[in-house]
Amino acid sequence: MSTAEAAATAQARAPGIRIKSSSPRQIPVVGVVTEDEEAQGVSEPMDLNRVIKLLEETGKDDLEEKQLISVKKMVQCYQNGLPLRDLAQIFKILNLCTGKIKKQPHFLEPAYNILKLCGLPFLKKKVSDEITYAEDTANSIALLGDLMIIPSSELRIQICKCIIDFYHAEPPKKHITGYQQASSSYKIKMAEVGGLAKTMVQSLALLENQLVEKLWVLKALQHLSASEVNCTLMVKAQAASGICAHLNDPDPSGQLLFRSSEILWNLLEKSSKEEIIQQLSNLECLLALKKVFKNLFTRGLSHYDRQLRNDILVITTIISQNPGAPMIECGFTRDLILFATFNEVKSQNPLVKGLKFSNSYEDFELKKLLFNIIVTFYKDLSTIQLLIDGKVILALFTYVKKPEKHKIVEWSAAQYEELQLHAIATLSSVAPFLIDEYMLYQGNAHVLAFLEWCDSEDSFFSHGNSFHGTGGRGNKFAQMRYSLRLLRAMVYLEHETINKDLCEKRAIQQLIGIFKNTISKYNDKEEAIVLEIQSDILLILSGLCEHHIPRKEIFGTEGVDIILHVMKTDPKKLQSGLGYNVLLFSTLDSIWCCILGCYPSEDYFLEKEGIFLLLDLMALNQKKFCNLILGIMVEFCDNPKTAAHVNAWRGTKDQTAASLLINLWRKEEKELGVKRDKHGKIVDTKKPLFTSFQEEQKITPLPANCPTIAVMDVAENIRAKIYAVLGKLDFENLPGLSAEDFVTLCIIHRYLDFKIGEIWNEIYEEIKLENLRPVTTDKKILESIITASENIGKMVASLQSEMIESQARQDVQNEQKVYTKVQATHKQRELANKSWENFLARTSNVKTLKTAKRLQEKGIESSRYSEHPPNAIFHRTDIKGLNTTVPSGGVVTVESTPARLVGGPLADTDIALKKLPIRGGALQRVKAVKTVNEPEKSVPT
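Summary of the structure given here. Remember, it's a predicted structure, so these values are computed and weren't measured experimentally. Residue numbering note: each chain is counted from 1, following its sequence as written. Where local features are concerned, this predicted model is filtered to residues with pLDDT of at least 70; where side-chain atom pairs are given and counted, the filter is 80 or more; whole-chain, interface and lining totals use all residues. Excluded from the side-chain calculations are hydrogens and water; all other atoms, namely the structure's heavy atoms, are used.

1. Details of the overall build of the protein chain
Phase 1: Elements are defined by DSSP. Helices are runs of H or I of four residues or more, strands are runs of E of two residues or more, and each kind is numbered from the N terminus. The helix and strand inventory of the protein chain stands at 46 helices and three strands.
Phase 2: Per-residue accessibility, obtained with a 1.4 Å probe over protein chains only, is compared with the maximum for each type, and a residue is labelled buried under 20%, exposed over 50%, and partly exposed between these values. Looking at the protein chain as a whole, 44% of its 941 residues are labelled buried.
Phase 3: The long-range fraction of contacts in the protein chain, counting pairs at least 24 apart against all pairs at least 6 apart in sequence, stands at 74%. Contacts were defined at the residue level, with two residues in contact if any of their heavy atoms lie within 4.5 Å.

2. Let's talk about the sheet that holds strand S2 (residues 122-124)
Phase 1: Criterion used throughout: strands pair if DSSP finds at least two bridges between them. One open sheet holds the three strands; their spatial order is S1-S2-S3, and the pairing between them is mixed. Both outer strands of the open sheet, strand S1 (82-83) and strand S3 (180-181), are each paired with one neighbouring strand and no more.
Phase 2: In terms of strand pairing, S1 meets S2 through two bridges, oriented parallel. Its bridge partner being in S2, Leu82 is matched across the sheet by Phe122.

3. Focus on helix H43 (residues 776-844)
Phase 1: For a helix, the expected span equals 1.5 Å multiplied by the number of residues minus one. Taking 1.5 Å per residue, 69 residues should reach 102 Å; H43 reaches 101 Å between its end C-alpha atoms and fits that length.
Phase 2: Three or more residues of H43 are buried, namely Leu782, Ser789, Ile792, Gly793, Val796, Ala797, Gln800, Ser801 and Ile804.
Phase 3: Against helix H41 (739-749) and helix H42 (751-769) lie the buried residues of H43.

4. Some words on the pattern of salt bridges
Phase 1: Salt bridge, as used here, is a side-chain nitrogen of Lys or Arg placed within 4 Å of a carboxyl oxygen of Asp or Glu. Enumeration according to the criterion identifies 29 salt bridges in this entry.
Phase 2: A salt bridge links Glu669 to Arg719; the shortest N-O distance between them is 3.4 Å. Of this pair, Glu669 sits in helix H37 (residues 657-672) while Arg719 sits in helix H40 (residues 719-729); the two residues are 50 residues apart in sequence, bridging distant segments of the chain. Each member of the pair, Glu669 as well as Arg719, carries the same accessibility label: buried.
Phase 3: Residues Arg719 and Asp713 are paired through a salt bridge, measuring 3.0 Å at the closest nitrogen-oxygen approach.

5. Describing a nonpolar patch on the surface
Phase 1: A contiguous nonpolar patch, built from Leu752, Ile756, Trp760 and Ile763 and spanning about 320 Å² of accessible area, is present on the exposed surface.
Phase 2: Mapped onto the elements, Ile763 comes out in helix H42.
Phase 3: Residue Ile763 is classed as partly exposed on the basis of its relative accessible area, which comes to 35%. Note that patches include only residues with greater than 30% relative accessible area and no salt bridge, and the join distances are 9 Å for like charges and 5 Å for nonpolar side chains (Val, Leu, Ile, Met, Phe, Trp, Tyr). Exposure was quantified through the Shrake-Rupley algorithm and a 1.4 Å probe, taking into account, for residues, occlusion by the shown protein chains and nothing else.

6. Overview of the packing of aromatic side chains
Phase 1: Two aromatic rings from Phe, Tyr or Trp, using only the six-membered ring of Trp, form a pair when their centres are within 6.5 Å; if the ring planes differ by under 30 degrees the pair is stacked, by over 60 it is edge-to-face, and anything between is tilted. Within the structure shown, the criterion is met by 21 aromatic pairs.
Phase 2: Ring geometry for Phe297 versus Phe342: centroids 6.3 Å apart, planes at 80°, classification edge-to-face. Of this pair, Phe297 sits in helix H18 (residues 283-299) while Phe342 is found in the loop between helix H20 (332-341) and helix H21 (361-377), placing the two residues 45 residues apart along the sequence.
Phase 3: Relative accessible area serves as the criterion here: at 7%, Phe297 is assigned to the buried category.
Phase 4: Judged by centre distance (6.0 Å) and plane angle (35°), the rings of Tyr723 and Phe731 are tilted.

7. Quick look at the environment of Leu596
Phase 1: Structurally, Leu596 is set in the loop between helix H32 (580-595) and helix H33 (599-607).
Phase 2: The exposure class of Leu596 is buried, given its relative accessible area of 7%.
Phase 3: Sequence separation between Leu596 and Glu635 is 39 residues; the distance between their C-alpha atoms is 7.1 Å.
Phase 4: Discounting chain neighbours no more than four positions away, the residues touching Leu596 are Lys552, Ile591, Glu602, Ile632, Glu635 and Phe636.

8. Considerations on the nonpolar core
Phase 1: Throughout, nonpolar core names a set of buried Ala, Val, Leu, Ile, Met, Phe, Trp, Tyr and Cys residues whose side chains join them through atoms within 4.5 Å. One finds Ile93, Leu144, Met200, Ile591, Phe605, Leu614 and Leu726 to be the most contacted residues of the largest nonpolar core, which totals 234 residues.
Phase 2: Beyond its immediate chain neighbours, meaning those up to four positions away, Met200 contacts Gly145, Met148, Cys160, Ile163, Val217, Ala220, Leu221 and Leu224.

9. Brief notes about the state of the cysteines
Phase 1: Only a pair of cysteine sulfur atoms within 2.5 Å counts as a disulfide in this structure description. Tallied over the full model, the rule gives zero disulfides.
Phase 2: This cysteine, Cys503, is not joined by any disulfide, and Cys545 carries the nearest cysteine sulfur, 6.8 Å off.
Phase 3: Residue classification places Cys503 among the buried residues on the basis of a relative accessible area of 18%.

10. Considerations on the packing of helix H30 (residues 527-545) against helix H31 (residues 549-567)
Phase 1: Two numbers describe how H30 lies on H31: the axes approach to 10 Å, and their chain directions differ by 155°. Taken together, the axis directions place H30 and H31 in an arrangement best described as roughly antiparallel. In this structure, H30 meets H31 at a crossing whose hand is left-handed. Between H30 and H31, the residues in contact are Leu538, Leu541, Leu544 and Cys545 and Arg551, Lys552, Phe555 and Ile562, respectively. Every axis in this analysis is a line fitted to C-alpha atoms, fitted for helices over the stretch in contact. Angles between the N-to-C directions lie between 0 and 180 degrees. Note that the term roughly parallel is reserved for angles under 35 degrees, roughly antiparallel for angles over 145, roughly perpendicular for angles of 65 to 115, and oblique for everything else. By definition, any crossing whose near helix is turned counterclockwise from its far helix by less than a right angle is left-handed, and any crossing with a clockwise turn is right-handed.

11. Digging into unusual backbone geometry
Phase 1: Although it is not a glycine, Asp654 adopts a positive phi angle of roughly 60°.
Phase 2: Here Asp654 falls in the exposed class, since its relative accessible area comes to 55%.
Phase 3: One non-glycine residue, Asn771, lies in positive phi territory at about 55°.
Phase 4: In this structure, Asn771 sits in the loop between H42 and H43.
Phase 5: Relative accessible area serves as the criterion here: at 70%, Asn771 is assigned to the exposed category.

12. Focus: the environment of Tyr751
Phase 1: In this structure, Tyr751 sits in helix H42.
Phase 2: For the pair Tyr751 and Ile722, spaced 29 residues apart in the sequence, the C-alpha separation amounts to 10.0 Å.
Phase 3: Residues contacting Tyr751, with those up to four places away along its chain left out, are Trp665, Leu689, Val714, Arg719, Ala720 and Tyr723.

13. What to know about H37
Phase 1: Helix length check: H37, at 16 residues, gives a terminal C-alpha distance of 22 Å against a target of 22 Å (1.5 Å per residue), a fit within 8%.
Phase 2: Residues of H37 that are buried: Ala657, Ala658, Ser659, Leu660, Leu661, Ile662, Leu664, Trp665, Glu668 and Glu669.
Phase 3: Among the structural elements, helix H34 (610-618), helix H35 (623-636), helix H36 (642-648), H40, H41 and H42 are those in contact with the buried residues of H37.
Phase 4: The first or second residue beyond H37 is Gly673, which carries a positive phi of 80°.

14. Quick look at the environment of Leu370
Phase 1: Along the chain, Leu370 falls in helix H21.
Phase 2: Taking the C-alpha atoms as reference, Leu370 lies 7.9 Å from Ile337; in sequence the two are 33 residues apart.

Below, the structure written as structure tokens:
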């Protein structure tokens, strides 16, 4: 280190003492400083309390000069950073200096220099310093916002620069031994804790006519608004309305509008969106936004202006979601509708005269944003007339047509496709509120013609790049999907004029044809979008055919075929998440609306085993389908042909439809928490159908037009529908039921009686709660009804007990039969073993064999007749000299029998070959029997 530098360092460390570096005696005062230490920027802490005390003194003549010198020395001492332990005192010195500026302008420069130090890194000696001095640091940084009140342009700008430096931290110029830099986010965090953003927003009110300072404050707020905490603080200070109201302040540089829009964006993204919208939903802010947007729309030519214009429109769209925003009052809504439609519907308004969209990305985005804001307008019914006056429907229908080749348009093919899809999607939202306009411009004809093109084989390459074009690359599925959505939205208005017009234009036949074509053009890649198209077609058909028998007849067998095709879908696909569930729901809805009530369609559905398919779906035990399927079954059972089909159905393990329905009843009661014992028997005869929810809910008096809990229970579960189906199938002749099924069937059979008793019991309890006293006759009738209901419960419980006991006895009998069969099997096995032992004994011992032979012969003799009829011929059936106990063969040759009697049956046996000649055909009468062994004369086979 040079001598001059050492002297400067010593002066900085000991203010007020000038020390010459050439004097060795001064070394102990400065400290031992080596070259390495100087390179690291070692600096002893300054006595800041002395500086503060000096600044607080008053009344001396040369005091100001001393104060300025001491502050200057302090600034020089902390050129490499501010230690956290000294931060509170340094900012107190800053506050004292700024307090003297009004009377002593010379303090402006020291205050400015201290503020420059605030942009330097904060230093910590210990790791825990960030926590230890957190409160002091937060209060010190908060002081920066308070200092904005000082009417000094230089100070205000420096404060803003200091805040901006928080977000662009740089390492210290020199490393100071014993200190390390605080974390880069520490200043930002402390600014959040200290509430700096709020005071900076409040300072904007002081800068009405000071453009430079205002731009710097906005730049600082732009950085601060990157934090959610700061955004919340800024919202509390009404930052959104304050900034938005001054968007049109004169600014040649254009920074004010840019930075203000960025701050508004950050506030919308990182704080309470609802509160921001509320702040901006006033006439002053909307007029400012309107003026800015109009200027940028009509005069903005640069890429930057167009981007800014689009940002302003997005903010306006968000504000328009608030019904209380005075969009109509300020005229902004009318102008936006004009801007959205002037390109399609020619207007004489001077505001758009000579304007034209380019195919730039910004103008393309603007067009989509204008479509989007129209969708927000229809939610406010007061804007309907403006949409009519602006001919929005007509403008949107210009996109619902086949793309024309060789036509010069301002959009590229991909852009036009995306705008077309966006326009149709916008129509789906707006057209239901503008029915007269829709019919005036022949909306149904446009949509059906467009659908015809979508279903045609015309060559068309869809880009499918946009959100609306998902799944439609290389085909026309995207266009078909959004057209069907539009048609579905109009049909579900149940407006007879629209639906009648569609039917007259053969929409039913066209939609069925489209459905068939989607089946033939099936592709796994577009599976999801095809399923959505099919679902929408079925929903549209349901809306058109419901309550109209002639339209159901038009639906006819072709419509039934497509429904049956969907119902044959592999049940495993229902869990794929691609939309098969939605398609199946649409199919069940179309059965209800398009088939039921039309007897030819019902009969055709039954002939094609449609009931079997319904029962197969119900057997999947998916509750979301069961309710709808049971409703369809109830209606179908009115057809006398249905019962035979239902009873003929068999599921897995030969399960019948009745058994399936009873199982569903048990499952439903288990989920509802109905009390039953382990055999399914009634536990509480007074409340045989009560669910756990009904048990928890206390009976409360209700008006006559409000349904009670017992009545609501009928609609909220499937028990009533199961009862209706089984009732139409005849409770007495249900096939394939087990004893457990019969026990449950007793309850189902009496469901209506139990439910009536339950409702009367509710009436009686409500009368008690209201402290009403019925007349004697009414009271007796009520009590008799309740008693009768309870008696029915007891009777059913008794019948169930008999069934259970009978089944138990039957089970015991079946068990005895099984045991008897097992015993017989064991006995037969023992006899077989004993016979085998005897056989082994005979073969191994001659004496035993002879004994057995004698016993056998004795048995044979004892079994013969003792007397023979006269003139009878006796034939021996045993072979003499045969030493076996096994009986010989049961066939013997009888020589005395005439050949004509035995020739036929014995002609082909080995015995006949040995004893009789074979001459072809029947045996002939011969005098003697000789064995002929002449193979040459035998009959060829």
